[in-house]
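# Structural overview for review
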Amino acid sequence: MASAEEARASAPGLRDSSVTPRSVPVSRETSNDDRGANTPVQVQDPDEQRRAALVQSLPDVSDDTPLMAELRLDARRRIELRGRRFARPAQTRVLTVANQKGGVGKTTTTVNLAAALAQSGLNVLVLDNDPQGNASTALGIEHRAGTPSIYDVLVDGMPMAEAVQVCPDIPTLSCLPATIDLSGAEIELVSMVARETRLRTALDNYLTWRDENGLERIDYVFVDCPPSLGLLTVNAFVVGREVLIPIQCEYYALEGLSQLLKTIELIQAHLNRDLHVSTILLTMYDARTNLAQQVAEEVRSHFPDKTLRTTVPRSVRISEAPSYGQTVMTYDASSSGALAYLEAAREVAERGAARQETTNDVQPHDTNDVQPHGEQEDR
């Protein structure tokens, strides 16, 4: 039987879930019967009407045809999401992508969510805080030894503006690369003053620099973390206000999640009171296995408000893309993996817009909320 990705070429259109046409209020002058008052009239957006009509035309499927169901899902996503621009957040959102367990899709999630948001009209910055530098590779960013990188920012105090590079495939996506030098940064940071807040200070200064030079505001900052809990990860937790946790749909991932939540509680208590888990994304999901479905149900039952509806399937295209120095969003935008990350990005954007937290002031950070290592809050 042909795979879903092989069969997709013959499927029409694009998206998932039911579509409600968006209505926009307009005012018009009414007739004499309306006494000449201006009455708001709901007029459906033509583009939304077109998308809804395309989704309605897709064939119905049942549980007996799983391949057709997957094709229909991809088609609905394509119709709903292609060419759509996401709403800008009120302020810069800084999301730390973390999980103490390795191999759960942290870097893959970081670069693909960042690319999806950037393609949808937003300005995005990725901070590659992992010595392996895989996020830099996936974004096509130069990160050979000697390249100005996050190591120079953390250890030598280099201004972030001197090290940030623009992604060659997406002009609104930038990256602070990681080089092999970062592997020794944890040892060098141990003796430094305010070692836990160095990345936070550097990002604040960079955002201020952009504002002073008339550059567009960064809408999203994603921080990629190594699979460990050292000073690099602590810096990532201190710079962020939100934590995005990718969870592989396997049993060991659940054990790693409980450990990670304890770590976040410690960071909240001592270094960053505003840090909170805002998003959980299920990755490497294989609907054909009972285990994946059980893990997904377990996570959703414990974190119903934080877990995204979208799950990212196992996909060859997602794995292939980094070898070409690309994200799956540019390598194969019509693949199941790309469409899943695009929909996940829309959920992230919509949740941020709906939340509208007045305390989510991250530009600049309130340094009074950060307690350097060894200092106690005097209250």
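Just so you know, these numbers come straight off a predicted model, no measurement behind them.

What follows is about the overall build of the protein. Regarding its fold elements, the protein presents 14 helices and ten strands. Considering only contacts within the protein whose residues lie at least 6 apart along the sequence, 79% involve residues at least 24 apart. About 17,800 Å² of surface is accessible on the protein, with carbon and sulfur atoms providing 49% of the total.

Together, Y251, Y252 and L291 line one region of the surface with nonpolar side chains, adding up to about 360 Å² of accessible area. Structurally, Y251 is set in helix α10 (residues 251-270). Residue Y251 is classed as partly exposed on the basis of its relative accessible area of 49%.

Below, the discussion takes up the confidence of the model for the protein. On average, the protein scores 80 in pLDDT, and the residues at 70 or more come to 72%. Model confidence for the protein, summarised as mean pLDDT per element, is weakest for strand β1 (residues 23-29) at 42 and strongest for strand β4 (residues 124-128) at 97. The model gives residues 6-42 a pLDDT under 50, and that stretch makes 74 contacts with residues more than four places away or in other chains. Contacts of residues 357-361 to residues separated by more than four positions or lying in other chains number eight contacts, the stretch itself having pLDDT below 50.

With that settled, the discussion passes to empty space enclosed by the protein. Scanning all chains against the criterion turns up one cavity of 30 Å³ or more. Here the largest cavity is characterised by a volume of approximately 40 Å³. Every residue lining the largest cavity is listed: A98, N99, Q100, C225, P226, S228, L229, T233, F237 and L260. For the lining of the largest cavity, the per-class residue count stands at six nonpolar, four polar and no charged.

Cut-offs applied
- Residues numbered from 1 in each chain as written.
- Predicted model: local features only at pLDDT ≥ 70, side-chain atom pairs only at ≥ 80, totals over all residues.
- Heavy atoms only, no water.
- Helix = DSSP H or I, 4+ residues; strand = E, 2+ residues; numbered from the N terminus.
- Contact = heavy atoms within 4.5 Å.
- Areas by Shrake-Rupley, 256 points an atom, 1.4 Å probe, with all protein chains shown as cover.
- Patch = residues over 30% accessible without salt bridge, like charges linked within 9 Å, V, L, I, M, F, W, Y side chains within 5 Å.
- Salt bridge = Lys/Arg side-chain N within 4 Å of Asp/Glu carboxyl O.
- Buried < 20%, exposed > 50% of the residue type's maximum accessible area, 1.4 Å probe, protein only.
- pLDDT = per-residue confidence, 0-100.
- 1 Å grid on protein atoms, 1.4 Å probe; cavity = no way out; pocket = protein on both sides within 12 Å on 5 of 7 lines; lining within 4 Å.
- Points joined across faces, edges and corners; volume = space filled by probe spheres on them.
- Nonpolar A, V, L, I, M, F, W, Y, C, P; charged D, E, K, R; others polar.

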